[in-house]
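A look at the structure
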Amino acid sequence: MDAKRACEKEMTDAECLKFHGLMGRKEWELPKRVVQCDMINRKGYNGTESHEYLDHKSVLKAKVKLLAELVRQSKNMVAYTGAGISTAAGIGDYATQSSKSLVHKGKKKHTGSRVLCEPTLAHYVLARMGQEGMLKKWVNQNHDGLPQKAGMPGHLV
């Protein structure tokens, strides 16, 4: 089904799960496809097409509100991040297939030492959450040092 359309008819459970997750609401609009890429990401891992989507502002706001409530309720929150968190710092990732990806928009891919890269907003937010005791552990698949540069206590990474 084409995710470009708004929900003229009721969204299926499968669409809701795919685009909004387990806690998503069927009344939320489907996201807008902003990059078309039929290449399969993560070949060999049940990958899907590498299209990219953006939520409508109202849906994004609702998702952020839901996430904030989950964070407030959490007693042992753990962040598990991969390459996607560092792409905004110019570090390439394995899964991004499209040269038109939003990951590349306005960004220069870093080709030198990763030591020279700067943390992203996401790194700073997670680091602050660790400093404040909201984030108990950060499992990071990257070896770029950006969590520590952002101020995440080393014993929590």
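The structure displayed is predicted, hence computed values, not measured ones.

**Let's talk about the overall build of the protein chain**
If you tally the helices and strands in the protein chain, you get 4 helices and 4 strands. Element order for the protein chain, N to C, with α for helix and β for strand: α-β-β-α-β-α-β-α. Residue burial in the protein chain is summarised as follows: out of 157 residues, 32% are buried. Taking all contacts inside the protein chain whose residues are at least 6 apart in sequence as the whole, residues at least 24 apart take part in 52%. Element-wise, carbon and sulfur atoms account for 56% of the exposed surface of the protein chain, whose accessible area totals about 10600 Å².

**A look at the packing of aromatic side chains**
Per the stated rule, a full pass over the model turns up 1 aromatic pair. Where F19 meets Y53, the ring centres are 5.1 Å apart and the plane angle is 75°; that geometry is what we call edge-to-face. Separated by 34 residues along the polypeptide, F19 in helix α1 (residues 13–20) and Y53 in strand β2 (residues 52–54) bring together distant segments of the chain.

**Some thoughts on the nonpolar core**
Across soluble globular proteins, you tend to see nonpolar side chains buried next to one another. Core analysis: the largest hydrophobic core is formed by 12 residues, namely V71, M77, A79, I85, L126, A127, M129, L135, W138, A150, M152 and L156. At the level of secondary structure, the elements contributing two or more residues to this core comprise β3 (77–81), α3 (121–131) and β4 (135–140). Tallying contributions element by element places α3 first for this core, with 3 residues. Those residues in contact with I85, other than ones at most four positions away along the chain, are T120, A122, H123, L126, W138 and N142.

**Some words on a nonpolar patch on the surface**
Judged by side-chain polarity, L17, L22, M23, L67 and L70 come together as a nonpolar surface patch covering roughly 530 Å² of accessible area. Inspection of the secondary structure puts L17 in helix α1. Taking the relative accessible area as the measure of exposure, L17 reaches 47% and is therefore partly exposed.

**Description of the pairing of β3**
Burial of β3 is one-sided: the residues M77, A79 and T81 facing one way are buried, the residues V78 and Y80 facing the other way are not. With 5 bridges connecting them, β3 and β4 associate as parallel partners. Looking at the pairing, M77 lines up with L135 of β4.

**Describing the confidence of the model for the protein chain**
Taken as a whole, the protein chain shows an average pLDDT of 82; of its residues, 78% reach a score of 70 or greater. For residues 1–8, every residue scores under 50 in pLDDT, and the model assigns this stretch 16 contacts once sequence neighbours within four places are set aside.

**Here's the deal with the pattern of salt bridges**
For the structure shown, the criterion picks out 4 salt bridges. Across the pair D13 and K26 runs a salt bridge whose closest N-O atoms are separated by 3.0 Å. In this pair, D13 sits in helix α1 while K26 sits in the loop between α1 and β1 (32–35), placing the two residues 13 residues apart along the sequence. Judged by relative accessible area, D13 falls into the exposed class, the value being 56%. Put simply, R128 and E132 hold a salt bridge, and the shortest N to O gap is 3.0 Å. Relative accessible area serves as the criterion here: at 48%, R128 is assigned to the partly exposed category.

**A word on the environment of E49**
With respect to the helices and strands, E49 occurs in the loop between β1 and β2. Sequence separation of E49 and M39 is 10 residues, and the distance between their C-alpha atoms is 5.5 Å. Ignoring sequence-local partners within four residues, the contact set of E49 consists of C37, D38, M39, I40 and N41.

Rules used in this analysis
Residues numbered from 1 in each chain as written. Predicted model: local features only at pLDDT ≥ 70, side-chain atom pairs only at ≥ 80, totals over all residues. Heavy atoms only, no water. Helix = DSSP H or I, 4+ residues; strand = E, 2+ residues; numbered from the N terminus. Buried < 20%, exposed > 50% of the residue type's maximum accessible area, 1.4 Å probe, protein only. Contact = heavy atoms within 4.5 Å. Areas by Shrake-Rupley, 256 points an atom, 1.4 Å probe, with all protein chains shown as cover. Phe/Tyr/Trp six-rings, centres within 6.5 Å; stacked < 30°, edge-to-face > 60°. Core = buried A, V, L, I, M, F, W, Y, C linked by side-chain atoms within 4.5 Å. Patch = residues over 30% accessible without salt bridge, like charges linked within 9 Å, V, L, I, M, F, W, Y side chains within 5 Å. Salt bridge = Lys/Arg side-chain N within 4 Å of Asp/Glu carboxyl O. Pairing = 2+ DSSP bridges. pLDDT = per-residue confidence, 0-100.

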